[in-house]
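# Residue-level structure breakdown
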Amino acid sequence: MTVHRPGSVHPHRLTLAGILLAALSLLLALAAPAAADEELNPNAGVLGRGSAYMGMGVVAHDGQGDLPPDPRATQTEGVDVSSHQGDVAWSTLWSSGVRWAYTKASEGTYYTNPYFAQQYNGPYDVGMIRGAYHFATPDTTTGAAQANYFVDHGGGWSRDGKTLPGALDIEWNPYGAACYGKTQSEMVSWIRSFVTQYKARTGRDPVIYTATSWWTQCTGNYAGFATANPLWIARYASTVGTLPAGWAYHTMWQYTSSGPTVGDHNKFNGALDRVQALANG
């Protein structure tokens, strides 16, 4: 029979304390990555697949400044839309001076925009030049597979003078880690797979929509797409700021998410004839 002196600690209590301490350490270790992910993207695990839209991460990551002043060079107003806008008042936008539009057609290989017909044909019918965009999810399927899905679900191109080449929307992951779990070289390879397959299917080099901060973080500021792919830059400020490496100029600029009629407004870097030139290839 073991006798415990007054003031001594029972060995079973020591064992129990050790177990509790180990369990607490394990819980803290498991919680740490989750907390880091939430700092990267507070919406991770909250948003449903298919709900992404162009520029949804810009304000959270890059902030929002003043609107751009009236430029000295001629620029042409445009908008981009997704299912979040529902049926769009295209005649109202036309009357306000909007002359081109991009509509979300697809996401990954699992989603198509249920409002696509109204949002893609509507601008065409009022006289705008229109195009379609694809929200990339590099963590779900290959770039080539998503390019095919995009083309097969509204992202094609025709030389009718009123259809712009498809756009690849590649930006912060709204469903998880910012770079979709890919290294910088893996991300470059994924984008190359998409743009190569899109051109093989349509004969056109797609536009690349991105933000400089995301591009720097997730591709290592890769410069190799600048020679072929027009740049659509996202920055909600009075100037476009620093562009991703390789591009000496931008073709389009998404400058706000709170414009009239629909939120996302853009400026084409040139007069209407330059928009038509991009459409004609």
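Rules of the game
Residues numbered from 1 in each chain as written. Predicted model: local features only at pLDDT ≥ 70, side-chain atom pairs only at ≥ 80, totals over all residues. Heavy atoms only, no water. Core = buried A, V, L, I, M, F, W, Y, C linked by side-chain atoms within 4.5 Å. Buried < 20%, exposed > 50% of the residue type's maximum accessible area, 1.4 Å probe, protein only. Contact = heavy atoms within 4.5 Å. Disulfide = S-S within 2.5 Å. Helix = DSSP H or I, 4+ residues; strand = E, 2+ residues; numbered from the N terminus. Phe/Tyr/Trp six-rings, centres within 6.5 Å; stacked < 30°, edge-to-face > 60°. Pairing = 2+ DSSP bridges. Polar contact = N/O pair within 3.5 Å; in protein donor to acceptor, adjacent residues only side chain to side chain. pLDDT = per-residue confidence, 0-100. Axes fitted to C-alpha atoms, helices over the stretch in contact; angles between N-to-C directions. Parallel < 35°, antiparallel > 145°, perpendicular 65-115°, else oblique. Left-handed = near helix turned anticlockwise from the far one by under 90°. Nonpolar A, V, L, I, M, F, W, Y, C, P; charged D, E, K, R; others polar.

## Focus on the nonpolar core
With 55 residues, the main nonpolar core has Trp100, Tyr102, Ile170, Ile191 and Trp232 as its most contacted residues. Ignoring any residue separated from it by four or fewer positions in sequence, one finds Ile170 in contact with Ala136, Pro138, Met187, Trp190, Ile191, Ile208, Tyr209, Thr210, Trp214 and Trp215.

## A word on the state of the cysteines
Scanning all chains against the criterion turns up one disulfide. Disulfide partner of Cys179: Cys218, at an S-S distance of 1.9 Å. Classification of the bridge connecting Cys179 and Cys218 rests on its S-S torsion, roughly -75°, and on that basis the disulfide is left-handed. Taken as a pair, Cys179 in the loop between strand 5 (167–169) and helix 6 (184–202) and Cys218 in helix 7 (residues 212–219) lie far apart in primary sequence, 39 residues in all. Here Cys179 and Cys218 have matching classes, each one buried.

## Points about the packing of aromatic side chains
When we look at a pair of aromatic rings, we describe it by the centre distance and by the angle of the planes. In the structure shown here, the tally under the stated rule is 15 aromatic pairs. Ring plane angle 5° and centroid distance 6.5 Å describe the contact between Phe194 and Tyr198, whose orientation is recorded as stacked. Here Tyr198 and Phe194 lie together in helix 6, a separation of four residues that amounts to about one turn. In this pair, the class of Phe194 matches that of Tyr198, namely buried.

## Quick look at the environment of Asp125
One can find Asp125 in helix 4 (residues 116–126). On the basis of relative accessibility, which here comes to 63%, the residue Asp125 falls in the exposed class. Once the C-alpha coordinates of Asp125 and Trp90 are considered, the two residues, 35 residues apart in sequence, prove to be 8.8 Å apart.

## Considering the pairing of strand 2 (residues 100–107)
Consecutive residues of a regular strand have side chains that alternate between opposite faces of the sheet. The buried fraction of strand 2 amounts to eight of the eight residues, a majority that puts the element mostly inside the structure. Strand direction decides the pairing type here: strand 1 (residues 76–81) and strand 2, joined by four bridges, are parallel. When the bridges of strand 2 are listed, Asp80 appears paired with Tyr102. Two elements, strand 2 and strand 4 (residues 129–135), share seven bridges in a ladder whose sense is parallel. The residue of strand 4 that forms the bridge with Thr103 is Ala132. Here strand 2 runs beside strand 3 (residues 111–112); their pairing, made up of two bridges, is antiparallel. If you follow Glu107 over to strand 3, its bridge partner there is Tyr111.

## Examining the side chain of Lys104
In this fold, Lys104 is placed in strand 2. With a relative accessible area of 1%, Lys104 lands in the buried category. Separated by 3.1 Å, the side chain of Lys104 and the backbone oxygen of Gly50 make a polar contact. Here Lys104 is in contact with Gly50, Ser51, Ala52, Val81, Ser82, Tyr111, Asn113, Phe116, Tyr133 and Phe135, once residues within four sequence places are set aside.

## Some thoughts on the confidence of the model for the chain
Mean pLDDT over the chain: 86, with 77% of residues reaching 70 or higher. Across residues 1–17, where pLDDT falls below 50, the model places three contacts with residues more than four positions away in sequence or in other chains. Every residue in residues 23–40 scores below 50 in pLDDT, and together they form three contacts with partners more than four places removed in sequence or on other chains.

## Digging into the packing of helix 5 (residues 143–155) against helix 6
Between helix 5 and helix 6, whose axes approach to 7 Å, the crossing angle comes to 40°. Judged by the inter-axis angle, helix 5 sits oblique to helix 6. The hand of the helix 5/helix 6 crossing is right-handed. Residues Gly143, Ala144, Gln146, Ala147, Asn148, Phe150, Val151, Asp152 and Gly155 of helix 5 lie in contact with helix 6, whose contacting residues are Trp190, Ser193, Phe194, Gln197, Tyr198, Arg201 and Thr202. By residue class, the composition of the contact of helix 5 with helix 6 is seven nonpolar, seven polar and two charged.

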